[in-house]
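The chain contents come next:
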Amino acid sequence: MALHGGEVWAAPGEARAEAGLHEGPVDNRLPSVRGPSSAASGDGAGTTASPQPAGRTVAVPLSAPAPSRGSYSEVGEVEEPARTVVGHAREGRPTYRRRAASVVTRRDLDERLPRSAPDALRYEPGVYVQQTAHAQGSPYVRGLTGQQTLMMFDGVRLNNSTFRQGPNQYFFTIDSHTLRKLEVIRGSASTEFGSDAIGGALLATPLDPQLPRAAKGWHVHPRAMLRTATADGELGGRGQVDIGYGKRIGLLTGAGYRDVGLLRTGGLLTSPADGSPVRVPLYADDNRTQLGTGFREFTADARLVFAQNRDTKWTLAYYDYRQFDAPRTDKCPPPTAPVGECLIYDNQDRTLVYTSLDRRRGPAAAQRIRWNLSYQHQRENRHHEYGDMRGFDNYGLDHVHAFGTALRFNTKSFAPTPWLQTSVEYGLDGYLDSIKSRAWTTFTDTAMPIEVERARGQYVDGSNYLTSGVWTRGQLVFGGYFGVHAGARGALVVARAPEVEEASSQGVKRQWGALVVHTGMSLKTVSWLTLLANFDQGFRAPNLDDLTSRQQVGAGFQLENAALEPERSRSLEAGFRIEHPWIQASMFGFVTAIDGMIGRTQGLCPANTGDGCGEAGVVLQLTNLEGRSTIRGFDGQVRVFFPAGFAIRNTLAYAHGVGPNPIAGSAQPTAPLSRIPPLNGTTEVSWRSARFGLYAAAGLRWALLQDRLAFADIHDVRIPEGGTPGYTVIDVRAGYRFDPYLVIALVFENIADTAYRYHGSSVNGPGRGLNINLQYGF
């Protein structure tokens, strides 16, 4: 068995166990560590106890089932067997071993107590989370976000054609309580995932029901969770139950609710330029409580798994997210508006239903098959209330119906000679969006409210969008130490939107094709050190938000451009990965060059818009920047294990973006790219006792001043005059676990009560507070 780049390459005929098709159970009741009654040989981030007969305790990674010798990962790469270090277990290992990637495990989620799925990524290298509202969050990956990063849920594409330019709120609609892990791929991934994956990909993997190998008859495992936080008055909980019959059928279902109040911060944040208070948010009289920050949330999910036999698994899944009464903080009120004005998202909903088939041990050309068929419904209902001064309010309602399918094949791993191994992956995917959009004005200064329909909504009603492609990826491994991999994708994107003449809205009848390639290498120099390098081409076709939308953004009012062309990128990264029993580390340098990057320049309101454009202080027009935009930087992490259960983990990331100046006639031919994060990093010091089920940790998050501002940033009320100040924030965590019955988790956040915000955000971070999470089940 040859080791390559941290991977085990199994020779033909060796035992293999694919993720999700294993014999043993994945314990979703409490995917964490053993309680004090277990005799554990190791403990640490990324492990869980696998139920064993009396007298046996085996630690396996959270991110994968217990392997049999070498085991295939979820994308056909082969992983090492789990290795346990006394006092510590290995960190959750990325599925994508040949890329810059990191994983947030279930236990990380249970102990850090993030408020949302985006919030869970704050300790990951190369990721920076912006928040336009307390009910929203948008992860930046290597300086890019929104349309330029791809989100997947269990192999289903979440990005749709209304994802807007810059930060958006849609990753927030994933319920972190349903997740087994979150994986971040940093760097372009368009070859495998298609359009949008220029900055990277965010992969969410949900919890599965248990399928115990030796189970007979019914088994039921309920679990109740209660959470509260003092900084925003959050109170919520979740109930779930894992039901199964024998070793073939399992159902994991649950529902949750939380009510979140106004967020209290560490105090007034001031401009680094002149010391004046920031323009948003508006504070209550105590100068700490931020107006426009509360919301309510309901979630429900059900996941049915049928193991037809040892080689075939069927899944039917349903995930529902409902958010209510969530104000957009920078518009509640806008800086120059009266207090009563507010933009509120009355409903932000996402429903995902899909079925999938996982099949292994097939013919050599398709030894493993993964297929899914999905339907998503995104509903966004908002209203802009102006109070009594204007006598009217504006409303908008958008529906996105998305139908999709994806099919993936993995060939058998061939060994034509003792020193050469090869395998190939290939697949196809397609997603079709259908848009329903309307807008109206309700006049409230009359005896009876009068509703007047507008000519068009935020998007053009009846629009459609197709993104599709076929792809392949192959690998050659020489002597088990040097590997070469390469792949390609052919993509087709089609956009259609009817003309709305009375709103001066052009029709869209566009289509684009693209061919992108990927290549890379890995060299294992010694048993614990691997050198890696990758080159990727990326592709992002303009979506319906670019081509048709008209909307309020942080910098003003944004207009569409029906003549936009695709963004095309080239990315190069090089780095190393260390995997040693006492140290895990990785560091990568990267450069991403984007031709035709879509940015914002000054615009003029078209005639007969009637949508608030004329009232905006700044009007922005989307445009393809003429020339090349470049982002350079580095990111990485190091984790060191010490005796007696101690460990320390550090991350560091930096990105520098520059592109053509969007202002025509400017004396400066280039300008900074918008909302690029500053130099930032984290430090975590932890201790845990496998014997007694106790843990404690301290986390430090920091960032420097970001004063390199684009044209849109200067006019963005979310960014203080002179840039976003740097910060240092310290959190302390502690808890107790008694598996599988009880978890008590405490987080003392921002213990220095620092006033801070992430660059580009309109909401400041929480002030000093206590977060508590209790779980009980069996």
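An account of the accompanying structure is given in this report. (Residues numbered from 1 in each chain as written. Predicted model: local features only at pLDDT ≥ 70, side-chain atom pairs only at ≥ 80, totals over all residues. Heavy atoms only, no water.)

In this fold, His-383 is placed in strand β24 (residues 368-385). Sequence spacing of His-383 and Asn-347 is 36 residues, and the spatial spacing of their C-alpha atoms is 9.9 Å. In this structure, His-383 is in contact with Cys-342, Leu-343, Ile-344, Asp-346, Asn-394 and Tyr-395, ignoring residues within four places of it in sequence. Side chain to side chain, His-383 and Glu-385 meet in a polar contact 3.0 Å long. (Helix = DSSP H or I, 4+ residues; strand = E, 2+ residues; numbered from the N terminus. Contact = heavy atoms within 4.5 Å. Polar contact = N/O pair within 3.5 Å; in protein donor to acceptor, adjacent residues only side chain to side chain.)

Another aspect to go through is unusual backbone geometry. Cis rather than trans, the peptide bond between Val-280 and Pro-281 has omega equal to 5°. As for its placement among the helices and strands, Pro-281 is situated in the loop between β19 (263-264) and β20 (289-290). Residue Pro-740 is reached from Asp-739 by a cis peptide bond, and omega for that bond is 5°. Mapped onto the elements, Pro-740 comes out in the loop between β44 (727-738) and β45 (742-749). Positive phi is not limited to glycine here, since Asn-287 has a value of about 55°. Relative to the helices and strands, Asn-287 is located in the loop between β19 and β20. Unusually for a residue other than glycine, Asp-753 sits at a positive phi of about 55°. Considering the arrangement of structural elements, one finds Asp-753 in the loop between β45 and β46 (769-777). A residue is classified by how much of its surface remains accessible, and Asp-753, at 15% relative accessible area, is buried. (Buried < 20%, exposed > 50% of the residue type's maximum accessible area, 1.4 Å probe, protein only.)

Quick look at the sheet that holds strand β12 (residues 149-153) now. Across the sheet, five strands lie side by side as β9-β14-β15-β12-β13; this open sheet has mixed pairing. Bordering the open sheet on either side are β9 (100-105) and β13 (156-157), each of which pairs with just one other strand. Two elements, strand β14 (residues 179-186) and strand β15 (residues 200-206), share seven bridges in a ladder whose sense is antiparallel. Bridging from a neighbouring strand, Leu-179 pairs with Pro-206 of β15. (Pairing = 2+ DSSP bridges.)

The next thing to look at is the sheet that holds strand β38 (residues 619-624). Read across the open sheet, the four strands follow the order β33-β34-β38-β37; overall the sheet is mixed. Each having just a single partner strand, β33 (551-553) and β37 (598-602) make up the two edges of the open sheet. Between one strand and the next, the sheet's axes are offset by a mean angle of 45°, whatever the strand orientation. Across three bridges, the pairing between β33 and strand β34 (residues 556-559) is antiparallel. Each bridged residue has a counterpart across the sheet, and for Val-553 the counterpart in β34 is Gly-556. (Axes fitted to C-alpha atoms, helices over the stretch in contact; angles between N-to-C directions.)

Taken together, the 12 bridges between strand β39 (residues 628-641) and strand β40 (residues 646-660) define a ladder with antiparallel strand orientation. Bridge pairing in β40 links Val-638 to Asn-650. Counting the residues that bridge the hairpin from β39 to β40 gives four residues, and of these Ala-644 lies at a positive phi of roughly 65°. Here β40 runs beside strand β42 (residues 680-689); their pairing, made up of eight bridges, is antiparallel. Across the sheet, residue Arg-649 finds its bridge partner in β42, namely Glu-684. Note that β40 and strand β41 (residues 670-672) share three bridges and pair antiparallel. Along β41, the bridge assignment pairs Gly-659 with Ala-671.

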